Amino acid sequence: MFTLLIKCSIMNYSKKKGKYKILKVIKMKKKLLILTALIATTLGMAGTKEDFEKAAKNYDTTKNIEKLESDLVNISKQKSDEYTIQAKIELARLKASQNKLDETKKYLNEVLNDSFSTNEVKEFVYTQLYGISNDRNEKISYLNKLSKLNSKELGYKVALVKEYTLLGNKVESDKLLKGLTSNLNEDQKIAVYNKLAESYISEKVPNEAITISDLLISLNKVEAKIYGNMYKAYANMALNKFVEAEKYALEAEKLSNKSLEVENLLYQVYNAKGDLKKALDKAILLKNSTKTQEFYLDVILLAELSKNTKVVNDTIKEFKNNKDVKEEVKKNLNILIANEFTNLGYLEGAEKYAEKALKEDKAKDANMVLAFVQASKGNKGLALKYVREAKKDKIEGAENLEQQILNLK
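The structure presented is a predicted model; accordingly, all values stated were derived computationally and were not measured. The numbering scheme is per chain: residues are counted from 1 as the chain's sequence reads. Reporting of local features is limited, given that this is a predicted model, to residues whose pLDDT is at least 70; pairs of side-chain atoms are given and counted only at 80 or more, and all residues count toward the totals for whole chains, interfaces and linings. Side-chain metrics rest on all non-hydrogen atoms present in the structure, leaving aside hydrogens and water.

J.: What exactly am I supposed to notice about the overall build of the chain here?
T.: Broken down by element type, the chain carries 22 helices and two strands. Relative accessibility decides the category of a residue: with a 1.4 Å probe and only protein chains considered, values under 20% of the type maximum give buried, values over 50% give exposed, and everything between is partly exposed. The buried share among the 409 residues of the chain stands at 46%. Carbon and sulfur atoms make up 49% of the accessible area of the chain, which totals about 21,700 Å². Here a helix means four or more residues in a row that DSSP labels H or I, a strand means two or more in a row labelled E, and each is numbered from the N terminus. The accessible surface values rely on the Shrake-Rupley method and a 1.4 Å probe; as for residues, cover is taken only from the protein chains in view.

Written out as structure tokens, the structure reads:
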């Protein structure tokens with residue numbers, strides 16, 4: 001429900017608009033983001049345009065990252081100015097893309113220590129350092145610095161509550177939360193509690209999520225009560241308390257007048273409980289409402305598991321008649337289903353649809369599924385037959401699977 005160098009879950013609060021929004025921090029990616037869009041624009045800086053243009057143009061032509069890095073290092077070593085800051089930020093980005101976090105921190109700290117760095121630049125850098133740090137005390141230190149740089153940024157305080165909780169300092173966490181919410185109106189409290197509950201579920205501390213969920217439920221607005229019950233359902237699922245999870249999800253359903261968000265939650269609850277009939281009912285509802293490939297497949301899988309042939313056939317027919325679904329996907333439906341059943345460990349379904357894919361669609365990679373199924377059943381000879389057919393057709397992974405089958409006793 002709920003991107004610079006990494007993803008941070010810090011919220012931004014606009015006093016004028018009275019709304020919360022997620023503060024977007026550029027995500028650490030495996031691919032390098034090049035300078036073209038950043039020339040004289042990153043953080044509003046005006047650097048030596050010619051140097052950056054030359055570096056960007058050279059990279060666009062050669063795709064030589066080593067030369068780009070060399071160009072940036074040379075720029076960063078020139079007389080301290082706005083453009084040297086830009087070069088260091090780009091070097092930090094490059095090192096992050098290479099997962100060299102110590103070097104990333106080095107360049108970011110150089111920016112912090114640069115006399116030309118404004119408070120805006122420092123705020124930006126601290127958010128990056130916060131995001132790449134794995135040390136809880138260090139993260140708290142960055143958040144405290146951020147709060148001093150921008151005291152109006154409520155999101156930093158929300159993140160501090162979370163970090164102190166995860167550190168195990170509930171006294172400080174509770175004190176911060178109380179001070180944070182004491183002067184907020186109900187809408188603002190809903191935003192704060194929502195973010196905390198979501199963060200605690202993401203951080204796998206469901207009991208903390210339940211505590212915050214109760215604060216949501218205690219508020220007057222129906223919206224708060226809906227999300228409070230939803231978070232309690234998610235938290236109880238994490239605790240493997242599926243009866244409790246269902247109870248809170250049903251309460252959220254009643255309050256929300258069966259919103260799709262809550263229906264999807266109930267679908268997840270029933271799946272987790274292993275209640276095939278109720279899960280299938282919700283999957284059909286979601287399929288009919290969204291018409292998405294995901295729920296078509298889910299309905300087919302659940303109907304197969306429930307031995308409901310009529311629903312299987314009707315759904316496959318509807319899927320193939322859906323004009324919004326790409327023809328390539330329709331053509332590969334059988335192998336898609338076979339792979340899903342393989343992932344679920346349902347060998348009967350995997351075998352059935354792999355055979356259909358092989359006979360009806362001439363899908364050569366179906367031999368891989370059939371090899372896996374037969375190997376799982378202990379039929380080593382038959383498994384080798386299928387995997388060698390896949391190997392003949394140069395299906396990726398066939399040689400590795402063949403070796404695994406040969407090693408079976």
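J.: I'm lost on the side chain of serine 256 in this one. Help?
T.: Among the secondary structure elements, serine 256 is positioned in helix 12 (residues 242-256). Working rule for contacts: check all heavy atoms of both residues, and any pair within 4.5 Å makes them a contact. Once residues lying within four places of it in the same chain are set aside, the contact partners of serine 256 are Ile226 and Val262.

J.: Please clarify how the environment of lysine 221 should be interpreted in this entry.
T.: Secondary-structure assignment places lysine 221 in the loop between helix 10 (206-217) and helix 11 (222-238). Residues lysine 221 and aspartate 187, spaced 34 residues apart in sequence, show a C-alpha to C-alpha distance of 8.5 Å. Those residues in contact with lysine 221 that lie beyond four places of it in its chain are Glu186, Asp187 and Ile190.

J.: Explanation requested: the pattern of salt bridges in the structure shown.
T.: Once their charged atoms are close, side chains differing in charge can pair, the charge on each being opposite to the other. Salt bridges are defined as contacts in which a side-chain nitrogen from Lys or Arg sits within 4 Å of a carboxyl oxygen from Asp or Glu. Scanning the entire structure with this criterion turns up 35 salt bridges. The partner of lysine 88 in a salt bridge is aspartate 114, and the shortest N-O contact between them spans 3.7 Å. One end of the pair, lysine 88, is in helix 3 (residues 82-97); the other, aspartate 114, is in the loop between helix 4 (101-112) and helix 5 (119-132), and 26 residues separate them in sequence. Residue class for lysine 88 comes out buried when judged on its relative accessible area of 11%. You can call aspartate 114 buried: its relative accessible area is 7%. The partner of arginine 136 in a salt bridge is glutamate 163, with the nearest N and O atoms 2.7 Å apart. Taken as a pair, arginine 136 in helix 6 (residues 136-149) and glutamate 163 in helix 7 (residues 154-167) lie far apart in primary sequence, 27 residues in all. Accessibility expressed as a relative area gives 25% for arginine 136, which makes it partly exposed. Residues joined in a network through salt bridges with shared partners are Lys88, Lys106, Glu110 and Asp114.

Limitation: the analysis is restricted to geometry and does not speak to function.
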